[in-house]
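# Structural features, examined
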Amino acid sequence: NIKLLAYVSSSEINQLRFNQDQRSPGRKLASRIQEGWYMKKAGGARASWWPGTWMMNATDLGPAINGQRWNTFLGPFIRDEVMTSGPFDGVFLDSAYAEVTNTYGKDLDPDLNGSANDSKATDAAWKAGMAKLIANVRSALGPDKLVMNNSSAAYADKVNGVLYENFPRFGWAWPFTELRSTLT
């Protein structure tokens, strides 16, 4: 049986989403993002590393806006807007990174106080926040829907599968070592 998964980036929003048809789930998502949910760099600029995308703040360090953060907003949005737009068996969460400072830089400001946070603390807050985001997606979709992620096995105990993009970029042993360390 073929399984159809909806694609959602869990930690980035492509700028093109803001210009899609207003009925598309991507445009609806973009239009509901609050400014305080973007990850910022020290000094206030939105963080980005992939051309045309902005990083979302999956941590609990940023402000709750109308009682929600990015990590609590996304799950219900996927349930209400994405899953109802097609015959999906679940969702594929792209960009579910275990750490972010190596990719986005060490000058991230997840608490939005204008100064860079300590890199290790930022990565720890990110990992905890992404785990919360994935748990909220699972809770919103229920146990019968598939949830898969890309970019890290750090959340393997919370999902139905992990995609290793560009496998075996770091050799054959790396993904299995990461997976084993996550599950033990």
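Residues numbered from 1 in each chain as written. Predicted model: local features only at pLDDT ≥ 70, side-chain atom pairs only at ≥ 80, totals over all residues. Heavy atoms only, no water.

So, on to the overall build of the protein chain. Summing up its helical and strand segments, the protein chain has 5 helices and 6 strands in all. Secondary structure elements of the protein chain, listed N to C terminal, follow the sequence β-β-α-β-α-β-α-α-β-β-α. Here the C-alpha atoms of the protein chain give a radius of gyration of 16 Å, agreeing with the 16 Å that 2.2 N^0.38 yields for 184 residues. With respect to the principal axes defined by its C-alpha atoms, the protein chain has extents near 50 × 45 × 30 Å. Expressed as a percentage of its 184 residues, the buried residues of the protein chain come to 44%. Pairs at least 24 residues apart make up 67% of the contacts formed inside the protein chain by residues separated by at least 6 positions. Of the roughly 9,400 Å² that the protein chain leaves accessible, carbon and sulfur atoms contribute 52%. Across the protein chain, 20 positive and 18 negative side-chain charges occur, with their mean positions spaced 3 Å apart. (Helix = DSSP H or I, 4+ residues; strand = E, 2+ residues; numbered from the N terminus. Rg over C-alpha atoms; globule rule 2.2 N^0.38 Å. Buried < 20%, exposed > 50% of the residue type's maximum accessible area, 1.4 Å probe, protein only. Contact = heavy atoms within 4.5 Å. Areas by Shrake-Rupley, 256 points an atom, 1.4 Å probe, with all protein chains shown as cover. Lys, Arg positive; Asp, Glu negative; His and termini not counted. Charge placed at Lys NZ, Arg CZ, Asp CG, Glu CD.)

Glancing now at the side chain of Asn149. Here Asn149 is to be found in strand S5 (residues 146-150). Not counting the four nearest positions on each side in its chain, Asn149 is found in contact with Phe92, Leu93, Ala96, Tyr155, Val159, Gly161, Val162 and Leu163.

Let's shift gears to the environment of Tyr164. In this fold, Tyr164 is placed in the loop between strand S6 (161-163) and helix H5 (173-183). Separated by 158 residues in sequence, Tyr164 and Ala6 place their C-alpha atoms 17 Å apart.

Now for unusual backbone geometry. Positive phi is not limited to glycine here, since Ser95 has a value of about 60 degrees. Inspection of the secondary structure assignment puts Ser95 in the loop between strand S4 (90-94) and helix H3 (101-104). Assessed through its relative accessible area of 4%, Ser95 is described here as buried. Of note, the phi angle at Leu112 is positive, near 55 degrees, even though the residue is not glycine. Along the polypeptide, Leu112 turns up in the loop between H3 and helix H4 (119-141). A residue is classified by how much of its surface remains accessible, and Leu112, at 31% relative accessible area, is partly exposed.

Taken as a whole and judged by the stated rule, the model has 10 aromatic pairs. Judged by centre distance (6.4 Å) and plane angle (55 degrees), the ring pair of Trp37 and Trp70 falls under tilted. Of this pair, Trp37 sits in the loop between helix H1 (25-32) and strand S3 (53-55) while Trp70 sits in helix H2 (residues 70-82), and the two are 33 residues apart along the sequence. Of the residues examined, Trp37 reaches a relative accessible area of 3% and is grouped as buried. Pairing Tyr38 with Trp54 gives two aromatic rings, centres 5.9 Å apart and planes at 85 degrees, and the pair type is edge-to-face. Pair noted here: Tyr38 is in the loop between H1 and S3 and Trp54 is in strand S3, with a separation of 16 residues, a long-range link. A residue is classified by how much of its surface remains accessible, and Tyr38, at 2% relative accessible area, is buried. A residue is classified by how much of its surface remains accessible, and Trp54, at 22% relative accessible area, is partly exposed. Of the aromatic side chains, those joined through ring pairs into one cluster are Trp37, Trp70, Phe73 and Phe77. Positioned above the aromatic ring of Tyr38 is the side chain of Arg46, whose terminal nitrogen or guanidinium carbon lies 3.8 Å from the ring centre. The positively charged end of Arg46 is found above the aromatic ring belonging to Trp54, 4.2 Å away from the centroid. (Phe/Tyr/Trp six-rings, centres within 6.5 Å; stacked < 30°, edge-to-face > 60°. Lys NZ or Arg CZ within 6 Å of the ring centre and 35° of its normal.)

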